[in-house]
Amino acid sequence: MEHLQTQGISLPRLGLGTFRMQGDVCRAAVESALALGYRHIDTAEMYGNEDSIGAAIANARVARKDLHVTTKVWNENLAPDAMRRAFDTSLKKLRLDQVDLYLVHWPAPGMNLPSMFETLMKLKQEGRTRAIGVANFNIALLKTVLEEIKAPIACNQVEYHVMLDQTPLRKYMAAKSLPLVAYCPLAQGRAASNETLAAIGRKHGATAAQVALKWLLDQDGVVAIPKATRSESQKSNLDALNVGLDDEDLKAIAGLPKDQRFVKPRFSPVWD
Ligand SMILES: NC(=O)c1ccc[n+]([C@@H]2O[C@H](COP(=O)([O-])OP(=O)(O)OC[C@H]3O[C@@H](n4cnc5c(N)ncnc54)[C@H](OP(=O)(O)O)[C@@H]3O)[C@@H](O)[C@H]2O)c1
């Protein structure tokens with residue numbers, strides 16, 4: 001598995017998303033993914049599954065140093081005390097002494113960015129998270145974080161897939177060497193039944209979903225975290241790394257509609 005180096009952590013370029021997976025289903029899915037070779041698990045306090053993921057990790061024979069775990073603080077918990085409480089709860093549920101990456105899940109109206117990052121930096125300095133980052137931040141917010149606060153964020157996690165153009169954000173992030181973690185990399189599953197992608201896949205003995213994932217993974221600085229409950233899908237998504245796309249494929253993918261955003265901003269700002 002290829003890794004991306006960012007702010008002192010080594011991020012596997014394909015991870016397992018876990019939104020809308022809970023209880024025993026989540027535990028079984030994470031156990032299956034770890035057995036297949038996944039070493040990057042993406043969760044959040046809001047997903048209500050950190051305890052299931054903690055149980056799966058505790059049960060797996062994977063050295064902690066080989067595993068990357070990201071979790072996120074919900075936007076109601078961005079004040080210093082609330083963030084500390086949320087962080088402690090996440091760590092306890094995950095049964096870990098340290099997470100690898102702690103993200104602000106969504107920007108919130110009235111948030112105090114300098115104070116948020118001061119708290120995040122303290123968690124990092126205390127060694128309780130190895131790195132910090134953000135999700136759903138637009139260019140204006142990233143500018144404040146990177147150019148004014150100068151916080152050492154390791155990524156911005158945003159929606160990105162074959163049906164959504166992210167060129168301006170990608171350009172800004174590339175200029176700042178900030179990795180993009182692509183959520184909804186399969187357009188919430190829609191990519192798997194897209195006829196253009198299926199036709200490309202047929203050429204290469206691959207599925208439409210694999211084509212969608214490889215398109216992302218062929219881009220510098222991009223990590224993808226598809227959610228898959230079934231072992232067959234998890235394996236197939238891992239195998240996407242072996243698919244080769246040619247110029248004709250890229251042209252066909254470029255011709256897909258690129259305005260399909262499936263996750264609406266929950267709070268203020270925001271997409272430019
Ligand atoms: N930071 C944020 O605000 C944010 C927002 C949204 C998502 N995320 C993260 O990103 C992850 C991925 O996004 P997502 O879960 O919304 O959407 P997604 O990964 O684009 O799509 C997931 C859907 O695709 C299906 N699928 C997976 N592999 C497949 C395959 N090989 N063939 C056919 N279908 C396949 C899954 O099936 P099953 O239902 O059978 O599993 C599920 O229905 C989330 O789980 C979460 O960790 C973060």
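The preceding data block contains the structure.
Conventions and cut-offs
- Residues numbered from 1 in each chain as written.
- Predicted model: local features only at pLDDT ≥ 70, side-chain atom pairs only at ≥ 80, totals over all residues.
- Heavy atoms only, no water.
- Near = heavy atom within 4 Å.
- Polar contact = N/O pair within 3.5 Å; in protein donor to acceptor, adjacent residues only side chain to side chain.
- Areas by Shrake-Rupley, 256 points an atom, 1.4 Å probe, with all protein chains shown as cover.
- Buried < 20%, exposed > 50% of the residue type's maximum accessible area, 1.4 Å probe, protein only.
- Helix = DSSP H or I, 4+ residues; strand = E, 2+ residues; numbered from the N terminus.
- Pairing = 2+ DSSP bridges.
- Right-handed = clockwise from strand over helix to strand, strands pointing away.
- Arc of directions from axis to C-beta.
- Contact = heavy atoms within 4.5 Å.
- Axes fitted to C-alpha atoms, helices over the stretch in contact; angles between N-to-C directions.

Trainee: For this particular structure, what's the right way to read the site of the ligand?
Mentor: The environment of the ligand is made up of 27 residues, and the closest members are Asp42, Asn136, Leu186, Thr229 and Asn237. Here an oxygen atom of the ligand and a backbone polar atom of Phe19 are 2.9 Å apart. Within the backbone of Cys184, one N or O atom sits 3.1 Å away from an oxygen atom of the ligand. Within the complex, the protein chains bury 84% of what would otherwise be the 910 Å² of accessible surface of the ligand.

Trainee: Could you clarify how one ought to interpret the pairing of strand S8 (residues 153-159) in this entry?
Mentor: Looking down a regular strand, the side chains alternate between one sheet face and the other. Within S8, 7 of the 7 residues are buried, leaving the element largely enclosed by the surrounding structure. Of the pairings in the sheet, the one linking strand S7 (residues 132-135) to S8 comprises 3 bridges and is parallel in character. Within S8, the position partnered with Ile132 by the bridge is Ile153. In the classification by handedness, the crossover that spans S7, the intervening helix H5 (residues 139-149) and the parallel S8 is right-handed. The sheet contact formed by S8 and strand S9 (residues 180-183) spans 4 bridges and is parallel. Residue pairing for S9: Glu159 is matched across the bridge by Tyr183. At this point the chain moves from S8, through helix H6 (residues 167-175), to the parallel S9, and the crossover so formed is right-handed.

Trainee: Please clarify how helix H7 (residues 195-204) should be interpreted in this entry.
Mentor: One full turn of an α-helix is made of 3.6 residues, so residues set three or four places apart face in the same direction. Listed in full, the buried residues belonging to H7 are Leu197, Ala198, Ile200 and Gly201. For H7, the angular spread of the buried residues around the axis is 160°, confining them to a single face. Away from its buried face by more than 90 degrees, H7 exposes Glu195 and Arg202. Residues of H7 that are buried make contact with helix H8 (208-217) and helix H10 (247-254). One side-chain oxygen of the residue at the start of H7 lies 3.0 Å from the amide nitrogen of Thr196, identifying that residue as Asn194. Of the residues trailing H7, Gly205 is marked for its positive phi of about 65°.

Trainee: Any chance you could explain the sheet that holds strand S4 (residues 40-42) here in plain terms?
Mentor: Sheets are built from strands paired through backbone hydrogen bonds, the pairs being either parallel or antiparallel. Strand order in the open sheet formed by 8 strands is S3-S4-S5-S6-S7-S8-S9-S10, and the pairing between neighbours is parallel. One side of each edge strand has no neighbouring strand; the edge strands of this open sheet are strand S3 (16-17) and strand S10 (222-224). Strands S8, S9 and S10 of the sheet are contacted by H6, whose axis makes an angle of about 170° with S8.

Trainee: In this structure, what is going on with the pairing of strand S5 (residues 68-73)? I would like to understand it.
Mentor: In terms of residue burial, S5 counts as a mostly covered element, since 6 of its 6 residues are buried. Alternating residues of S5 divide into His68, Thr70 and Lys72 and Val69, Thr71 and Val73, and every residue in both groups is buried. With 3 bridges joining them, S4 and S5 adopt parallel strand pairing. Within S5, the position partnered with Asp42 by the bridge is Thr70.

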